[in-house]
Amino acid sequence: MKKASTYLFSVILTILLILSMLGTIGLMLMKFRALNAGTCLQLVQSQDLAERVHQSLEKYYQEQENVTGIPLSVYADSISTGECDKLIRLSITNAFGYMNGTVDEFGIKPDFSELKADMTAFFEDYAEKNDFEKDETYQKKLDEAQLAAQTNIKTECDVFRFATLQEAGLIDKVKKVVPYVGFGLIGCAAADLLLFLLLLAVNRKEKQHVWYWLGNSLLVSAILIMIPAVWLNVTRWFDKFAVKTDQIFAAVTGYLYGLTHAAITAAGVAILLAVCSYILFIIQHRMRNARTNGR
């Protein structure tokens, strides 16, 4: 590279390309991982979230039996691992659908008809055995008990606490940002291509050098992503979160560690592409020198 101006422009374009690549990788992770329901749905199985929720609810209603007088058997069918799995997945699908604009209304409306039937049967049996009149007070107590059970089960199955995030206004804020993620990704990808073409134009007399600068851009952007992601994983930083509920801790930390693993994978791919770019540079550089020396 003979001209200082060519070198200077190449450095400037490389720095800009690093920034645009960071944007591209970051927005790809956001769109295809962070904002993808599949990321959380995978955790339902890998973290055994349904069984964790089932055990938590089972323990709760065993403890509540002495307070309410309602035995665990009344809730058994409605808090089985299978039912918990359905509600957890429904909650995840609804929340991500709402954020991505494919669902109009936030929140789930599960079919609790079996729970209502079991609780009604218990109350009726209890009333008959104890000669309680089925008046307005009786009906009010039944309705309150059914509503409390439904609310509690829904809350426990909301392992990512989407309802809490919605109450804080965060879900709606994310929903407003989501459309711009796609546009931003397209913009960053277009910037990557434009900067590469500008590098090619600047190095038109020695085109092999464009692969050197591209390799530098890929390598530096990969390192900037990989270092913090690896540090978060090695130090198990997210384990410091003060979350007492087992299933919520497993869900949230599993989600966050999943994102760092995805970032490390993306950085690894970028490093591999950087190596390929350096190899292309070396091959073309040697071929050019061979042609020059052969004259």
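Just so you know, these numbers come straight off a predicted model, no measurement behind them.

Peer 1: I tried to follow the overall build of the protein on my own but got confused; where do I start?
Peer 2: The helix and strand tally for the protein stands at 10 helices and zero strands. Taken from the N to the C terminus, the helices and strands of the protein come in the order α-α-α-α-α-α-α-α-α-α. Here the protein has a C-alpha radius of gyration of 29 Å; the compact-globule value for 295 residues is 19 Å, and the former is much larger. Principal-axis analysis of the C-alpha atoms gives the protein an extent of 110 × 35 × 25 Å. Per-residue burial over the protein gives 38% buried out of 295 residues. Considering only residue pairs separated by 6 or more positions, the protein has 77% of its internal contacts joining residues 24 or more positions apart. For the protein, the computed accessible surface area is about 17100 Å², with 62% contributed by carbon and sulfur atoms.

Peer 1: Explanation requested: the nonpolar core in the structure shown.
Peer 2: Generally speaking, nonpolar side chains in soluble globular proteins are found buried as a group. In terms of nonpolar packing, the biggest core is built from 46 residues, with Tyr 75, Ile 88, Ile 92, Ile 153 and Phe 160 touching the most fellow members. Among the elements of the structure, α2 (37–46), α3 (49–68), α4 (81–99), α5 (113–129), α6 (136–157) and α10 (246–294) are those that each provide at least two residues to this core. Among the nonpolar cores identified, the runner-up in size contains 11 residues, and Leu 17, Phe 196, Val 210 and Ala 274 belong to it.

Peer 1: Looking at this model, I keep getting lost on the confidence of the model for the protein. Mind explaining?
Peer 2: Any residue range with low pLDDT should be treated as having predicted coordinates unsuitable for detailed reading. Across the protein, the average pLDDT comes to 91, with 97% of residues at or above 70. Within the protein, α4 carries the highest mean pLDDT (96), whereas α10 carries the lowest (88).

Peer 1: Which parts of the structure should I look at to understand the domain arrangement of the protein?
Peer 2: A common way to express how large an interface is: the accessible area buried when the components associate. When its domains are assigned, the protein resolves into domain 1 (4–34 + 181–294) and domain 2 (57–168). Using only C-alpha atoms to locate each centre, domain 1 and domain 2 end up separated by 47 Å. With both sides pooled, the region where domain 1 packs onto domain 2 buries about 480 Å², and carbon together with sulfur makes up 67% of that total. The largest contributions to the domain 1 side of the interface with domain 2 come from Gln 247, Ile 248 and Ala 251, which together make up 69% of the buried area. Connecting domain 1 to domain 2 are zero salt bridges. Here domain 1 is connected to domain 2 by one residue pair in polar contact (both at pLDDT 80 or more). Broken down by element, the residue count for the side of domain 1 that touches domain 2 peaks at five residues, all from α10. Its residues assigned to classes, the side of domain 1 that touches domain 2 shows five nonpolar, one polar and no charged.

Each value, and the rule that gives it
Residues numbered from 1 in each chain as written. Predicted model: local features only at pLDDT ≥ 70, side-chain atom pairs only at ≥ 80, totals over all residues. Heavy atoms only, no water. Helix = DSSP H or I, 4+ residues; strand = E, 2+ residues; numbered from the N terminus. Rg over C-alpha atoms; globule rule 2.2 N^0.38 Å. Buried < 20%, exposed > 50% of the residue type's maximum accessible area, 1.4 Å probe, protein only. Contact = heavy atoms within 4.5 Å. Areas by Shrake-Rupley, 256 points an atom, 1.4 Å probe, with all protein chains shown as cover. Core = buried A, V, L, I, M, F, W, Y, C linked by side-chain atoms within 4.5 Å. pLDDT = per-residue confidence, 0-100. Domains from an automatic or database assignment. Buried area = accessible area lost by both parts, 1.4 Å probe. Salt bridge = Lys/Arg side-chain N within 4 Å of Asp/Glu carboxyl O. Polar contact = N/O pair within 3.5 Å; in protein donor to acceptor, adjacent residues only side chain to side chain. Nonpolar A, V, L, I, M, F, W, Y, C, P; charged D, E, K, R; others polar.

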